[in-house]
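Survey of secondary and tertiary structure
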Amino acid sequence: MTPLRLGTRGSKLALAQSGTVAAALTAATGRPVELVEITTAGDRSTAPVAQLGVGVFVSALRDALMERRIDFAVHSYKDLPSAVPPALHIAAIPVREDPRDALVARDGRTLTDLPDGALVGTGAVRRIAQLNALRLPLRVTPIRGNVDTRIRRVTGPEADLDAVVLARAGIARLGRADEITETLDPMLMLPAPAQGALAVECRHDDHDLVEELGALDDGPTRAAVTAERALLATLEAGCSAPVAAYAELAEGEDGDEIYLRGAVISPDGERAIRLSRTGTPAAAAEIGKALAAELLDRGADTLFGSTE
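A brief report on the enclosed structure follows. (Residues numbered from 1 in each chain as written. Predicted model: local features only at pLDDT ≥ 70, side-chain atom pairs only at ≥ 80, totals over all residues. Heavy atoms only, no water.)

1. Let's talk about the overall build of the protein chain
Operational definition: Helix numbering and strand numbering both begin at the N terminus, where a helix is a DSSP run of H or I of at least 4 residues and a strand a DSSP run of E of at least 2. Buried, partly exposed and exposed residues are distinguished by accessible area as a fraction of the type maximum, computed with a 1.4 Å probe on protein chains only: under 20%, between the cut-offs, and over 50%, respectively. Only heavy atoms matter for contacts: two residues are in contact if any of them lie within 4.5 Å across the pair. Per-residue and other accessible areas follow the Shrake-Rupley method at a 1.4 Å probe size, with only the shown protein chains counted as cover for residues. Positive: Lys, Arg. Negative: Asp, Glu. His and the chain ends are not part of the count. For this purpose, a charge sits on NZ of Lys, CZ of Arg, CG of Asp or CD of Glu.
Counting its secondary structure elements, the protein chain contains ten helices and 13 strands. Its C-alpha atoms put the protein chain at 60 × 50 × 35 Å along the principal axes. Burial analysis of the protein chain (308 residues in total) assigns 49% to the buried set. Of the contacts made within the protein chain by residues no fewer than 6 positions apart, 68% connect residues no fewer than 24 positions apart. Accessible surface for the protein chain amounts to roughly 13,600 Å². Of this, 48% is attributable to carbon and sulfur atoms. Averaging the positions of the 33 positive and the 44 negative side-chain charges in the protein chain gives two centres separated by 5 Å.

This is how it looks when you write it as C-alpha cells:
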C-alpha cells in the first residue's frame, strides 16, 4: 500500500505533533504514513513573530498541498489564517491538548513567587499584554525560538531569563511537562484562539482521504475551536494580535453548552475588554461571531494598532 505523504515543519515539536497524527491515522485506517519535511518562511526568519505576519508557518505547507507534493498536512491550529483556501479542507481536529499557558521558571518558582525585576520571556503579544496587565513587578521581553531554545534560556548553562511563558501543549507534546513550574489559570492568562489544537488539512477534492481523516476528528474539540476561531475572524485580527479566547464545553440543563470567554488587551496591559457568551455546540460559530461583535462594540479594534 502506497504511504500517504504527511507534510510537516521540521521542528522537534512539529515532528512530534505530525508523528502522533500519523500513528493515529495508521491505527484507525491501516494506511501507512510517511513524513515529508517542509521549510516555511517562519522557520527561516529570526524576526519577532508579531512582525512576520499571519500564516508565516503555514503557506509553504499549503503550497505543497496545492502542488500535490504532499497528501495532507498538520498545523498548530492557532497558526492558521482565518480563511481556508477553497481548494483545501480541515478534515480533522483531533482531541485537544491542555490549551493553557505554562510558566517555566528558575528554582521551581510560580509567577507570583518571582523576585522583583525578574526577566520573563515570551513570544506572543497576547501573553506580553496579559503579563503587563497583572501589574506584577516583572520585566517582560519578547523572544523567538523553539521550545527547547526558550527553556534553555531559563535552565541552561548560559541562562539569561528568570522565566518563560509557553503553551503547555507544546511542552507536553515534547515530553517535558515535568519542567513546568506553574500552569497558568485562564483567569490570569487567557489562551490564544485554538491553542493546543491541531488542524489536519487536505485537498477538498480528495474525497477518500477526507473521509479517512475524519476518523481523527473530535466533535467537542471542533466545536470549541470553531467558536474561538470565529471570534478571531470576526475581529479581523491575526494570530499575532493581543486577542485571547477560550471555549469550554459543559453539561447544561438542556444538554451540552459552550462557554466562550474572549478578551482583547492593549500590549501595555493598560486597557482590556473581557466578555463571555454561552450557547449550544451546534451554534459554535455564531457564538464566536456574536461575542466578537460585542467586543467591537466596546472598542476592541482600538487596541490592535500598536501590534503592527
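On we go from here.
2. Points about the sheet that holds strand β4 (residues 88-92)
Keep this limit in mind: At least two bridges found by DSSP between two strands are what make those strands a pair. Lines fitted to C-alpha atoms define the axes here, with helix axes fitted over just the stretch in contact, and angles between the N-to-C directions of these axes take values from 0 to 180 degrees.
The strand order across the open sheet formed by five strands is β2-β1-β3-β10-β4, and the pairing between neighbours is mixed. Edge positions in the open sheet fall to β2 (33-37) and β4, since each of these has one partner strand only. The sheet shows a mean angle of 35 degrees between the axes of neighbouring strands, taken without regard to direction. Against the sheet, helix α4 (residues 59-66) touches β1 (4-8), β3 (72-76), β4 and β10 (198-203), its axis set at about 165 degrees to β3.

3. Overview of the environment of R126
As a reminder of what qualifies: We define a polar contact as two N or O atoms separated by no more than 3.5 Å, with the added condition that, inside protein, one atom must be a possible hydrogen donor and the other a possible acceptor, whereas residues neighbouring each other in sequence contribute only through side-chain atom pairs.
Structurally, the position occupied by R126 is in helix α5 (residues 125-133). Between the C-alpha atom of R126 and that of T280, which follows or precedes it by 154 residues, the distance is 27 Å. Separated by 2.7 Å, the side chain of R126 and the backbone oxygen of L190 make a polar contact. A polar contact is formed between the side chain of R126 and the side chain of Q195, at a distance of 3.1 Å.

4. Section: the pattern of salt bridges
Applicable threshold: A pairing counts as a salt bridge when a side-chain nitrogen of Lys or Arg comes within 4 Å of a carboxyl oxygen of Asp or Glu.
A complete count under the given rule lists 21 salt bridges for this structure. Its salt-bridge partner being R96, residue E228 comes within 2.8 Å of it at the nearest N-O pair. Here R96 lies in the loop between β4 and β5 (101-105) and E228 lies in helix α9 (residues 219-235), a separation of 132 residues in the sequence. Of the two residues, E228 and R96, neither departs from the other in class, the shared state being buried. In this structure, R126 and D101 form a salt bridge, with 2.9 Å as the shortest nitrogen-oxygen distance. You can see R126 sitting in helix α5 and its partner D101 sitting in strand β5, a full 25 residues away along the chain. Across this residue pair, the class does not change: R126 and D101 are buried. Several salt bridges converge on common partners, so that one network encompasses R5, D71, R203 and D206.

5. What about the environment of T278?
Following the sequence through the fold, T278 ends up in strand β13 (residues 272-279). As a C-alpha pair, T278 and A14 span 264 residues in sequence and 33 Å in three-dimensional space. When residues no more than four places from it in sequence are discounted, the contact partners of T278 are I258, Y259 and I287.

6. Observations concerning the nonpolar core
Threshold: Grouping buried Ala, Val, Leu, Ile, Met, Phe, Trp, Tyr and Cys residues that are joined through side-chain atoms within 4.5 Å yields what is termed a nonpolar core.
Counting residues in each nonpolar core, the largest one holds 22 residues, and the members touching the most others are L231, L235, V243, I258, L260, V264 and L295. Sorting the residues of this core by element identifies α9, β11 (243-252), β12 (255-265), β13 and α10 (284-297) as the ones contributing at least two each. With six residues, α9 is the largest single contributor of residues to this core. In contact with L295, not counting residues within four places along its chain, are L231, L235, G262, V264, I273, L275 and A300.

7. Details of the sheet that holds β11
Within a sheet, neighbouring strands are paired by backbone hydrogen bonds and run either parallel or antiparallel to one another. Taken in spatial order, the three strands of this open sheet run β11-β12-β13, and their pairing is antiparallel. Each of the sheet's edge strands pairs with one partner strand only, and the pair in question is β11 and β13. Averaged over all adjacent pairs, the angle separating strand axes in this sheet is 15 degrees, with direction ignored. Two strands pair when backbone bridges link them, and β11 and β12 are joined in this way by ten bridges, in the antiparallel orientation. Bridge pairing links A250 to E257 in β12. Across the sheet, α9 touches β11 and β12, and the angle it forms with β11 is around 145 degrees.

8. Here we look at the layout of surface pockets
To keep things clear, this is the line we draw: A cavity here means a set of points on a 1 Å grid, drawn over the protein atoms and nothing else, where a 1.4 Å probe fits but cannot get out; a pocket is an open set with protein on both sides within 12 Å along at least five of seven lines, and a residue lines either one if it has an atom within 4 Å of a point. Grid points are joined across faces, edges and corners, and a volume is the space filled by probe spheres set on the points. Charged residues are taken to be Asp, Glu, Lys and Arg, nonpolar residues to be Ala, Val, Leu, Ile, Met, Phe, Trp, Tyr, Cys and Pro, and polar residues to be all remaining types, Gly included.
For the second largest pocket, the calculated volume is near 280 Å³. Of all elements in the fold, only β4, α9 and α10 reach the threshold of two or more residues within the lining of the second largest pocket. Ranked by residues supplied to the lining of the second largest pocket, first place goes to α9 with six residues. For the lining of the second largest pocket, a count of residues per class yields eight nonpolar, four polar and three charged.

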